Structure formats: structure tokens, C-alpha cells
Amino acid sequence: MQMSRKIAGFLIVVAVFMIFEWINLGFNLADGHPTAFYVVHGILIGVNILLGIALGVIGLRGLTQRPKSPVV
């Protein structure tokens, strides 16, 4: 599958934003909540960071692969 450079760049930007935003949320969680609150948010943060990494890898592969024919 081929992708345009615009789409690959967009995926990289989304990945960087997701990773930054969720790490920032993790540091901004206030104290005083029940343990379940931190468990759920920890799982959400972990899953979204993994999704961000996956999008970043897909975007980087899209930027580095040379298309064999022009992408329409």
C-alpha cells in the first residue's frame, strides 16, 4: 500500500500530539482519587501511547518508502 507524503506527515503529527497530550494528562492527574480512577486512567494512557507509537511508525514508513508509481 502506498500513501502520500501529506497523509504520512499527518499521521506523524497526530502521533506526536497523542503521545504529548496523554503523557501530560498523566502528570496532571490530581491526588485524592480512588485507586480505580488511577488504574483506569493508567490503562487509557498506556493504550493511547501505544496507538500513538503505531501511528508514528506507519507515518515514518510512509515517508521513507519511495513509491514505484505516482500516487493519485
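None of these values were measured; they are calculated from a predicted model.

**Student:** Talk me through the overall build of the protein chain; I want residue IDs and the actual numbers.
**Tutor:** A count of helices and strands for the protein chain gives two helices and zero strands. Scaling as 2.2 N^0.38, a compact globule of 72 residues should have a C-alpha radius of gyration of about 11 Å, whereas the protein chain reaches 17 Å, well beyond that. If one aligns the C-alpha atoms of the protein chain with their principal axes, the spans along those axes are about 55 × 15 × 15 Å. Across the 72 residues that make up the protein chain, the buried fraction comes to 14%. Long-range pairs, those at least 24 residues apart, make up 76% of the contacts in the protein chain between residues at least 6 apart in sequence. A total of about 5700 Å² of accessible surface is found on the protein chain, and carbon and sulfur atoms cover 72% of it.

**Student:** Hey, could you go over the packing of aromatic side chains for me, with residue numbers and the actual values?
**Tutor:** In total, this model carries one aromatic pair according to the counting rule given. A ring pair is formed by Phe 37 and Tyr 38, whose centres lie 5.4 Å apart and whose planes are at 85 degrees; its orientation type is edge-to-face. Residue class for Phe 37 comes out partly exposed when judged on its relative accessible area of 24%. Among the residues examined, Tyr 38 registers a relative accessible area of 29% and is labelled partly exposed.

**Student:** Go over a nonpolar patch on the surface with me, naming the residues and quoting the values.
**Tutor:** On the surface, Val 39, Ile 43, Val 47 and Leu 51 cluster together into a nonpolar patch covering about 350 Å² of accessible area. As for its position among the elements, Val 39 is in helix H2 (residues 35–64).

Cut-offs used in this document
Residues numbered from 1 in each chain as written. Predicted model: local features only at pLDDT ≥ 70, side-chain atom pairs only at ≥ 80, totals over all residues. Heavy atoms only, no water. Helix = DSSP H or I, 4+ residues; strand = E, 2+ residues; numbered from the N terminus. Rg over C-alpha atoms; globule rule 2.2 N^0.38 Å. Buried < 20%, exposed > 50% of the residue type's maximum accessible area, 1.4 Å probe, protein only. Contact = heavy atoms within 4.5 Å. Areas by Shrake-Rupley, 256 points an atom, 1.4 Å probe, with all protein chains shown as cover. Phe/Tyr/Trp six-rings, centres within 6.5 Å; stacked < 30°, edge-to-face > 60°. Patch = residues over 30% accessible without salt bridge, like charges linked within 9 Å, V, L, I, M, F, W, Y side chains within 5 Å. Salt bridge = Lys/Arg side-chain N within 4 Å of Asp/Glu carboxyl O.

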